[in-house]
Amino acid sequence: MELAESTLLFLIIAAFVAGFIDSIAGGGGLIAIPALLIAGLPPLSALGTGKLQALFGSGMAAIAYARGGHVNLRKLAPLAVVAFAGSVCGALLATILPTAFLAAIMPVALILIALYFAIKPDPGEVQQAARVPFAFFAGFMVPLIGFYDGVFGPGAGSFYMLAYVALAGYGLLKATAHTKLLNFASNVGGFLVFAAGGTVLWSVGLMMGAAQIAGATFGARLAMKSGSLIIKPLLVITCLTMAARLLFT
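What you see is a predicted model, and the numbers here were worked out from it, not measured in a lab. (Residues numbered from 1 in each chain as written. Predicted model: local features only at pLDDT ≥ 70, side-chain atom pairs only at ≥ 80, totals over all residues. Heavy atoms only, no water.)

Caption draft 1: Structural context of the overall build of the protein. Assigned secondary structure in the protein consists of 10 helices and zero strands. Helices and strands in the protein line up, N terminus first, as α-α-α-α-α-α-α-α-α-α. Burial statistics for the protein: of 249 residues in total, 56% are counted as buried. A total accessible area of about 10800 Å² is found for the protein, and carbon and sulfur atoms account for 74% of it. (Helix = DSSP H or I, 4+ residues; strand = E, 2+ residues; numbered from the N terminus. Buried < 20%, exposed > 50% of the residue type's maximum accessible area, 1.4 Å probe, protein only. Areas by Shrake-Rupley, 256 points an atom, 1.4 Å probe, with all protein chains shown as cover.)

Structure follows, in structure tokens:
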């Protein structure tokens, strides 16, 4: 599928913005996927190509946070495997699951996330006591969000972050850092399923991926410098914007 140069430029800019937003607050999928659909890609190609370009942004963000000393990627690897497995299952079942139902409830979930972070006293960067056993978090919440990322996707990063803050007791910066590797792993799972189905436009996805790297690197550095001062308001704004986009499209 050939795209005009102006369309490619539009997609590259969209990917940069998506990478920036996603590296801080999650939700890049609701920028990149609509952009791909506007460019004229069929829905399955938009999802598959969207997963490819998202790999670069989430992967670069994970590396940036690790280099900044905010997360140990090796220690987090087992949870990433769980997120990957959940995403593969979700993507495999995407054609038979009631995605219309997921689309209907997701705006409500995003609004609740925004309200949670807007009303809750700022957790800052202080580690608090976990509210659920680690086995429940690792064995249920992580694969559940990974499954959602595979079958539907948009907002998964925000859901990972909510789980880390509300259930694991993490501060916002630490939660953001840990979220990126899990988001990367679930992106990989969904991407492999879509790639096997031949729905990925590789040239478009790789060009958008380069822009994702730039956006994610900039966003991660800004988040590490400003911490919860930027993460919290951007997370609230992103969740409300995604909810509004889903409700009125």
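That covers the picture; the talk isn't over yet.
Caption draft 2: Main features of the nonpolar core. Counting residues in hydrophobic clusters, the biggest one holds 48 residues, and the most contacted among them are Tyr65, Leu76, Leu79, Phe137, Tyr164 and Leu182. Among all residues touching tyrosine 164, those that are not within four sequence positions of it are Leu76, Leu79, Phe137, Gly169, Tyr170, Ala175, His178, Thr179 and Leu182. Counting residues in each nonpolar core, the second largest holds 17 residues, with Ala18, Leu36, Leu41 and Val204 among its members. (Core = buried A, V, L, I, M, F, W, Y, C linked by side-chain atoms within 4.5 Å. Contact = heavy atoms within 4.5 Å.)

Caption draft 3: Here's a closer look at a nonpolar patch on the surface. Taken together, the side chains of Val108, Ile111, Leu112, Leu115, Ile119, Leu240, Leu247 and Phe248 make up a nonpolar region of the molecular surface, amounting to roughly 820 Å² of accessible area. Of all elements in the fold, only α5 (99–119) and α10 (228–247) reach the threshold of two or more residues within the nonpolar patch. Here phenylalanine 248 shows up in the segment after α10. (Patch = residues over 30% accessible without salt bridge, like charges linked within 9 Å, V, L, I, M, F, W, Y side chains within 5 Å. Salt bridge = Lys/Arg side-chain N within 4 Å of Asp/Glu carboxyl O.)

Caption draft 4: Geometry of the packing of helix α3 (residues 43–67) against helix α9 (residues 202–226). For the pair α3 and α9, the least separation of the axes is 7 Å and the interaxial angle reads 30°. Overall, the two elements α3 and α9 adopt an arrangement that is roughly parallel. Judged by the sense of rotation from one axis to the other, the crossing of α3 with α9 is right-handed. Looking at the contact of α3 with α9, its residues break down into 16 nonpolar, seven polar and no charged. (Axes fitted to C-alpha atoms, helices over the stretch in contact; angles between N-to-C directions. Parallel < 35°, antiparallel > 145°, perpendicular 65-115°, else oblique. Left-handed = near helix turned anticlockwise from the far one by under 90°. Nonpolar A, V, L, I, M, F, W, Y, C, P; charged D, E, K, R; others polar.)

Caption draft 5: Here's a closer look at helix α1 (residues 5–25). Taking 1.5 Å per residue, 21 residues should reach 30 Å; α1 reaches 30 Å between its end C-alpha atoms and fits that length. Phi turns positive, to about 80°, at glycine 26, one or two residues after α1. (Expected span 1.5 Å × (residues − 1).)

Caption draft 6: Fine view of the packing of aromatic side chains. Using the criterion set out here, one finds six aromatic pairs in the structure. On the numbers, 5.6 Å between centres and 85° between planes, the contact of phenylalanine 191 with tryptophan 202 is edge-to-face. Here the residue phenylalanine 191 occupies a position in helix α8 (residues 172–196), and tryptophan 202 occupies one in helix α9, the gap between them amounting to 11 residues. On the accessibility criterion, tryptophan 202 (47% relative accessible area) is partly exposed. In this structure an aromatic cluster arises from ring pairing among Phe137, Tyr164 and Tyr170. The ring of tyrosine 170 carries lysine 174 above its face, with NZ or CZ at 4.4 Å from the centroid. (Phe/Tyr/Trp six-rings, centres within 6.5 Å; stacked < 30°, edge-to-face > 60°. Lys NZ or Arg CZ within 6 Å of the ring centre and 35° of its normal.)

Caption draft 7: Main features of the environment of valine 71. Relative to the helices and strands, valine 71 is located in the loop between α3 and α4 (73–92). Sequence spacing of valine 71 and histidine 178 is 107 residues, and the spatial spacing of their C-alpha atoms is 6.1 Å. Beyond its immediate chain neighbours, meaning those up to four positions away, valine 71 contacts Ala62, Tyr65, Ala66, Leu76, Ala177 and His178.

Caption draft 8: Structural detail: the packing of α4 against helix α6 (residues 134–151). The contact between α4 and α6 brings their axes to 6 Å, and the two run at 40°. One way to sum up the angle between α4 and α6 is to call them oblique. When the axes of α4 and α6 are compared, the crossing they make is right-handed. In this structure, α4 contributes Leu79, Val82, Ala83, Gly86, Ser87, Cys89, Gly90 and Ala91 to the contact, and α6 contributes Phe134, Phe137, Ala138, Val142, Pro143, Gly146, Phe147, Asp149, Gly150 and Val151. Per-class residue counts for the contact of α4 with α6 are 12 nonpolar, five polar and one charged.

Caption draft 9: Expanded view of helix α7 (residues 156–166). Across the 11 residues of α7, 10 count as buried, placing the element largely inside the fold. Within α7, burial applies to Ala156, Gly157, Ser158, Phe159, Tyr160, Met161, Ala163, Tyr164, Val165 and Ala166.

Caption draft 10: Representation of the confidence of the model for the protein. For the protein, per-residue confidence averages 84 on the pLDDT scale, and residues scoring 70 or more make up 88% of the total. Looking across the protein, the model is least confident in α5, with a mean pLDDT of 69, and most confident in α4, with 93. (pLDDT = per-residue confidence, 0-100.)

Caption draft 11: Local environment of the environment of valine 81. As for its placement among the helices and strands, valine 81 is situated in helix α4. Spatially, the C-alpha atom of valine 81 lies 9.1 Å from that of proline 143, the residues being 62 residues apart in sequence.

Caption draft 12: Just the side chain of glutamine 212, in detail. Of note, glutamine 212 is situated in helix α9. For glutamine 212, the residues in contact, after removing those within four places along its chain, are Ala15, Ala18, Gly19, Gln53, Ala54, Phe56 and Gly57.

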